[in-house]
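Structure at a glance
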Amino acid sequence: MKGFLIAGTASGVGKTTVTLAITAALRRRGYVVQPFKGGPDFLDTGHHTRISGRAARNLDTWMLTAAANRDVLRSAAHGADVFLVEGMMGLFDGKGGESETGSSAEIAKLLKLPVVLVLDAGKTARSIAAVVLGFELFDPELVLAGVILNRVASERHYQMLRTAIEATCRTPVFGWLPRDPGISIPERHLGLQTAEERAKDSGLEIQIDTLAALAEEHLDIASLLQLECGLELRDDVPASLRRSESRVRIGVARDRAFSFYYEDNLDLLREHGATVVEFSPLCDAALPQDLDALYLAGGYPELYAERLSANTWMLAAIRAFAASGRPVYAECGGMMYLSRSVTTAEGADHPMADVLPFGIEVTGKLVGFGYVTVELNADCLLGAIGTVLRGHSFHYSRIAKGEDVPTNYLVRYSLSGREENEGYRVGNVLASYVHLHFRAGADIARSFVDTTVATRAENMVCR
């Protein structure tokens, strides 16, 4: 199948812009494009989904096994003409400096993907050839299929760069993109602005047209379409279509404030018998009817704290739901929403659902960052005691005040080696800063659904 990985020499070189431009151009040509993102990122996948019209998926060689990564690729690529995988950081950057673990290079080799390398050429001349040559030689097992030069000043500048590369390197040049403010995506403390925030942007279609036009004008689309994945992709039925008979209804918070979901998490819940029902804590006055559990993911609740706090009807509904004993699972931003209050970086204090007996304070710096291993120290919604899960943590806030709460997680940070007790448990509410990928453990989604079924049965007996 046609497919390749778009990598960068470092973070910030424009991998996302190049990926979106190629995706937009292919869609304009009538191709069905399936996007993927390497690593734990939620923001890029949102933009991939927006441009491609298909739910983007995450591939990750640290959180997921080799078999799980292959399954994600095979399942999601079903029905597509071509797929693109956007890498993370630099091509060889991963968990540490000693190996390729968790890197885009590891993903490319595992899934037999040719690599297209993106370079920021804005302030370079002949020296760019030395960079390309270094990437060619660093790992002989990696298939470097081509390079794309980003932020090029002009056609004349591009021709000079191309001449230097072709005179020294074996890797072909697949074209260039100019620096164009019309295709940039605004950034903030966690990264790019979310796709949900741009959903009603009047200039969105113009931006998509601009991306497609730039790719058609400056990139060698025909050569890109010659690149093929070396992995056998059997005709699997996508996970999103493998749904068991509905056993429970799980409410999923999804709007501008809450959008950090791995689509595979939701697919796995469906596979085990959950009907996913979306609602908006920002806009809705009540929860959907007949819910058996809630799933509140991360996002940017701090940016919408005033609006979330003002929606007292929804806060009361969340509070009553938790008090009923039905399961509630919250990650990062979802935990902030369940807290007593959120204090913004400007010092404004906004009351929240008051399900968790502590407040949260937004900080001006990164508090928790990196891949984490989670060991369950008690039976809970996601599994039995001793179960080991994997995820990542990335937040600019901290628990600042309140009561002590029992914890269900022993969290180990992969980079620093730091350990801490986390995973706050109040009744059937489980909340944490950790974002878990449900494919990291065979039974996470099953446990979520089975526990919800059992809780509903207990509640019916009690009534």
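Check the entry above for the structure.
Residues numbered from 1 in each chain as written. Predicted model: local features only at pLDDT ≥ 70, side-chain atom pairs only at ≥ 80, totals over all residues. Heavy atoms only, no water.

So, about a nonpolar patch on the surface. Taken together, the side chains of L366, F369 and L415 present a nonpolar region at the surface, about 280 Å² in accessible area. Its place among the elements puts L415 in the loop between β22 (407–413) and β23 (419–426). (Patch = residues over 30% accessible without salt bridge, like charges linked within 9 Å, V, L, I, M, F, W, Y side chains within 5 Å. Areas by Shrake-Rupley, 256 points an atom, 1.4 Å probe, with all protein chains shown as cover. Salt bridge = Lys/Arg side-chain N within 4 Å of Asp/Glu carboxyl O. Helix = DSSP H or I, 4+ residues; strand = E, 2+ residues; numbered from the N terminus.)

Right, let's talk about the environment of E228 for a bit. Along the chain, E228 turns up in the loop between α8 (221–224) and β10 (248–253). Residues E228 and D349, spaced 121 residues apart in sequence, show a C-alpha to C-alpha distance of 53 Å. When residues no more than four places from it in sequence are discounted, the contact partners of E228 are M1, K2, G3, K112 and P114. (Contact = heavy atoms within 4.5 Å.)

The subject of this paragraph is the sheet that holds strand β7 (residues 173–178). With parallel pairing, the 7 strands of this open sheet are ordered in space as β3-β2-β4-β1-β5-β6-β7. Either end of the sheet is taken by a strand with one partner, and the two such strands are β3 (57–59) and β7. Within this sheet the neighbouring strands show an average axis-to-axis angle of 25°, counted without direction. Of the strands in this sheet, β1 (2–8), β2 (33–38), β4 (82–86), β5 (115–120), β6 (144–152) and β7 are in contact with helix α1 (residues 15–28), which crosses β4 at around 170°. Each of β2, β3 and β4 touches helix α2 (residues 43–52); the most contacted strand, β2, lies at about 175° to it. (Pairing = 2+ DSSP bridges. Axes fitted to C-alpha atoms, helices over the stretch in contact; angles between N-to-C directions.)

How two helices sit against one another is set out by the angle between their axes and by the gap between those axes. Relative to each other, α1 and α2 sit at 15°, their axes nearing to 9 Å. The angle between α1 and α2 places the two elements in the roughly parallel class. Read as a crossing pair, α1 and α2 show a hand that is right-handed. Residues T16, T19, L20, T23, A24 and R27 of α1 pack against D44, H47, H48, I51 and S52 of α2. (Parallel < 35°, antiparallel > 145°, perpendicular 65-115°, else oblique. Left-handed = near helix turned anticlockwise from the far one by under 90°.)

Attention now moves to the pattern of salt bridges. Enumeration according to the criterion identifies 26 salt bridges in this entry. Here K109 makes a salt bridge to E141, at a shortest N to O gap of 3.7 Å. Of this pair, K109 sits in helix α4 (residues 104–110) while E141 sits in the loop between α5 (128–138) and β6; the two residues are 32 residues apart in sequence, bridging distant segments of the chain. For E141, a relative accessible area of 62% gives the class exposed. Linking E403 and R340 is a salt bridge whose minimum nitrogen-to-oxygen distance equals 2.7 Å. Of the two residues, E403 is situated in the loop between β21 (397–402) and β22 and R340 in the loop between α12 (333–338) and β16 (341–343); the sequence distance between them amounts to 63 residues. Overall, E403 belongs to the partly exposed group, its relative accessible area being 47%. A residue is classified by how much of its surface remains accessible, and R340, at 34% relative accessible area, is partly exposed. Through salt bridges with shared partners, one network takes in R57, D264, D267, R270, E271 and R439. (Buried < 20%, exposed > 50% of the residue type's maximum accessible area, 1.4 Å probe, protein only.)

Our focus in this paragraph is the side chain of T171. Its location among the elements puts T171 in the loop between α6 (155–168) and β7. Assessed through its relative accessible area of 3%, T171 is described here as buried. Side-chain polar atoms of T171 contact the side chain of E136, separated by 2.5 Å. Residues contacting T171, with those up to four places away along its chain left out, are V132, E136, L144, A145, G146, V147 and I165. (Polar contact = N/O pair within 3.5 Å; in protein donor to acceptor, adjacent residues only side chain to side chain.)

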